[in-house]
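Examining the three-dimensional arrangement
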Amino acid sequence: MAVFENRSGAYFLYVSSGSAENRHLQAAMASFGSGSDQSSNKRWDRDMESSVPAKRLKQLLTSQPTEELFTPAPLGMAADDLVADIRRYYGNFLGRDRYCRAAHYPYQALVMAVRDRLMARWRRTNNAYDEHDSRQAYYLSLEFLMGRTLNNALMNLGLEDAAGAALRRLGLDIEEMIDTEHDAGLGNGGLGRLAACFLDSCATLQLPVTGYGIRYEFGMFRQEIDECHQVEEPDHWLRDGNPWELERPERTRRVHFYGRTEYHHDANGRARARWVDTHDVLAVPFDMAIPGYHNDTVNLLRLWKAAATDEFDLGEFNSGAYPESVASKNAAENITMVLYPNDASENGKELRLRQQYFLASASLQDALHRWTAVHGPDFSDFASKNCFQLNDTHPSCAVPELMRLLMDVYDLEWDQAWDITRRTMAYTNHTLLPEALEKWPTRLFGRLLPRLLDIVYEINHRFLTEVATRWPHDHDRLARMSLIEEGAEPHLRMAYLAIVGSFSVNGVAELHSRLLHQGLFRDFYELWPEKFNNKTNGVTPRRWLVSANPGLTGLIDRTIGDGWAVKLDRLRQLADFAGDANFRDEWRAIKRANKERLAAMVLEDCAVTLDPDSLFDVQVKRIHEYKRQLLNLLHVIHLYARLKDGDDWGLAPRSVLIGGKAAPGYFMAKRIITLACKVADRINGDDRVAERLRMAFLPNYRVSAMEVIAPGTDLSEQISTAGKEASGTGNMKFMMNGAVTIGTLDGANIEILEEVGADNFFLFGLTAAQVDSTRHHYDPNAIIAGDPDLARVMALLESGHFNHGEPGLFDPIVHAIRSPSDPWLVAADFRAFVTAQERAARAFAEPQRWTAMSIINTARSGRFSTDRTIGDYNADIWKLTPVDPRGA
Ligand code: 26Q
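Being a predicted model, the structure only gives us computed values, none of them experimental.

With that settled, consider empty space enclosed by the protein. Taken as a whole and judged by the stated rule, the model has 10 cavities of 30 Å³ or more. Here the largest cavity defines a volume of roughly 240 Å³. Elements that contribute at least two residues to the lining of the largest cavity include exactly helix 5 (150-157), helix 8 (190-204) and strand 13 (279-291).

Rendered as structure tokens:
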């Protein structure tokens, strides 16, 4: 064994394989690890540190516990066992008594009892991966939108009934416990929730996948609506502590910023670089257990928190600059303070780049440490044993950072480091909007990460040489494909960096992947067609059907037996019952109960009463112009105008629900929220209209709200301008719960339509190709003038009908709709949308027909399980072997 100090004072510890010293240590440490076969590649120093200050490293080495310490007695899974543990935690650990009325403490005691039952499984899973010397994948993401954990953990451990009984015995209600938990809102929307669903499927499929993310002190803001305006409140989700997390200070990593590169020759005369005069920040891991469904697998989500280094403070303490030392501590800790609440990139914010590099560097150091702990500095098999999946370009600093670590710290040559990088990195793109592609000013990037910029320039130089060889004299192409966008302020194109540095590039739905290689990444597709592939998104059926919709789950179990939650294609069998009158009645009764539950939530949060017999027409997602909440509102205003005119022919009583957060700096999105609230006030305040039409804007849309919304929805609004929504995943959650989609040919809607057929989907609107060709001759004013319904809607909007006392409030909206350069073509799709809505209303008026459509939607949702998605990632990209910790 050797302990090495790298150039910036971090310590690395490894065993050089095969040496006498190594054998000696393996023997000495045999009782430290899992206690089984010594000859296997065991990670004997798993819990020792490689890059913490020497003082702490020594502390960790002073004593060697025996196996006894690691094998607590197995814990019982019955209600009695839980009762005993909850009592003990409540009274002894938390120190509460009968006079404590706060619901929080029983919740905490319950969580600790559940967590205990995850621990042994977690350890066993880890040991099983070690013993199989498994190839590993790492999912790097700036966002993991986990939502609540308690109910999910109970379900996956099979503890729901026992926990319910235990709490009843203690005079407590399990539902109340579940509802006191704060959502972990560490994400903006689709991309972050996808990462969370992926972790669930990886654990359920028993794949060795570790998530790496950031432990934001403040997650996605809490949205309040004050006089029809969005107000953002900080989400201090950790205020009462987070009983699910396990801090692992002994696994702390050190991340560099600023400074400069120094070049020198090593003892062998080879040219080397080192990054010096850096300002360092510590990355402290907080681990979260990710249990698989009923399979004893528990995977790891490791979230990094930033902390100041001790010596950094010390220097300033000694010079008497106390306030400065505290300020520098704050600057370090700021890195993980808050999630950026934009779902499209906000360019040029230095703190955001710091977050991105912080995640990439800490995670790669962690993965490399795991490797060297077993293999020492021999990286020859590293690429065949490891894979890093980049969730969009956000963690794409990982490409130059892996190069840096391999070359500057582990002494590899460029070619070997590049070969490893390119064989381990894979990149997923989540957007087609050119304005959402990440670009960083090279000046900023170079100041913050000087050594990384050197490496990026070298990657670019070698890459452009390759392009020039393939297409000699094609200077336009070189400029187009360069990682650096030239100009007054040159920028680094992160998507290109990710493409050049990885072996796989995927989109998230078939249309999206096709548009990527035909458009945005066309040049790269020409160069490396074999890199490009599609992985259509999914959602986990455990959270989004089993847990969110227990009523429907019970009916499905009774009808086709259990086991379908991990083989979702089996739901197809439900189609046989779509014509069965009894089955339909049961299906309808369950939907009705779910609508009551949703109506209760809307009443509580919006003070609007919805009739559960009306058509529940729902659009919940981030507020963005391309998602066209405006088109939805134009339709609502159209219905309102008809009812005001006494025209209710063919109208089904309808309740429209809209929810979603606007990025705090996105003016139009905020104005759309205001319009939604004002329209809702008008409709609900007009007794004659409100008999047939109700509307609510639901504040603070989040994961736990969707768990109530999706099961209670009849009609799912997926109405983005075709070619703009990469995939969508809300569409899948609704479908799984038996909602029928009204939607455009966009993202995964197309694949949903393929599955259910045109009879079970309300399709409308321009195609992506038509959208592109319409742009050149788009005349919204002519469309408005030629459509009396749309003209009437616009007249209402323009007359100030929805903004009494606030003249001009909706001028920006009117202007956007009337603009010939409206990129979202709202007016172009209005008529088709209204017609599709009329078809939906007619279908809803026939309950038998509607129920059959609903059943078919659930029955055909198997393709949209993340088990299928992850199966595809694994077959084509990760190539991992499942490992059953039970030894099967
Ligand atoms: C980037 C840089 C700086 C600040 C913020 C960002 C940023 C953050 C989040 C950029 C984009 C996002 C999120 C994007 C997102 O959620 N995209 C959605 O991903 C889903 C999962 O693939 C798709 O289903 C949706 O279609 C897509 O919009």
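Moving on, there is more to tell.
Moving on to the packing of aromatic side chains. According to the stated counting rule, one finds 28 aromatic pairs in the structure shown. Both rings, one in Tyr139 and one in Phe198, keep their centres 5.6 Å apart while their planes meet at 75°; by these two values the pair is edge-to-face. Linking Tyr139 in strand 3 (residues 136-140) with Phe198 in helix 8, this pair joins segments that are 59 residues apart in sequence. By relative accessible area, Tyr139 is classed as buried at 2%. The class of Phe198 is buried, set by a relative accessible area of 1%. For the pair Phe583 and Trp587, a centre-to-centre distance of 5.7 Å together with 45° between the ring planes defines the contact as tilted. In this pair, Phe583 and Trp587 both sit in helix 23 (residues 581-606), 4 residues apart, roughly one turn of the helix. Of the two residues, Phe583 and Trp587, neither departs from the other in class, the shared state being buried.

With that settled, the discussion passes to helix 25 (residues 667-684). The end-to-end C-alpha distance of helix 25, which contains 18 residues, comes to 26 Å, matching closely the 26 Å that a straight helix rising 1.5 Å per residue would cover. Most of helix 25 sits out of view: 13 of its 18 residues are buried.

Here we come to the confidence of the model for the protein chain. Taken as a whole, the protein chain shows an average pLDDT of 92; of its residues, 92% reach a score of 70 or greater. Within the model, pLDDT remains below 50 along residues 1-51, and this stretch shows 113 contacts once partners closer than five positions in the same chain are excluded.

Rules of the game
Residues numbered from 1 in each chain as written. Predicted model: local features only at pLDDT ≥ 70, side-chain atom pairs only at ≥ 80, totals over all residues. Heavy atoms only, no water. 1 Å grid on protein atoms, 1.4 Å probe; cavity = no way out; pocket = protein on both sides within 12 Å on 5 of 7 lines; lining within 4 Å. Points joined across faces, edges and corners; volume = space filled by probe spheres on them. Helix = DSSP H or I, 4+ residues; strand = E, 2+ residues; numbered from the N terminus. Phe/Tyr/Trp six-rings, centres within 6.5 Å; stacked < 30°, edge-to-face > 60°. Buried < 20%, exposed > 50% of the residue type's maximum accessible area, 1.4 Å probe, protein only. Expected span 1.5 Å × (residues − 1). pLDDT = per-residue confidence, 0-100. Contact = heavy atoms within 4.5 Å.

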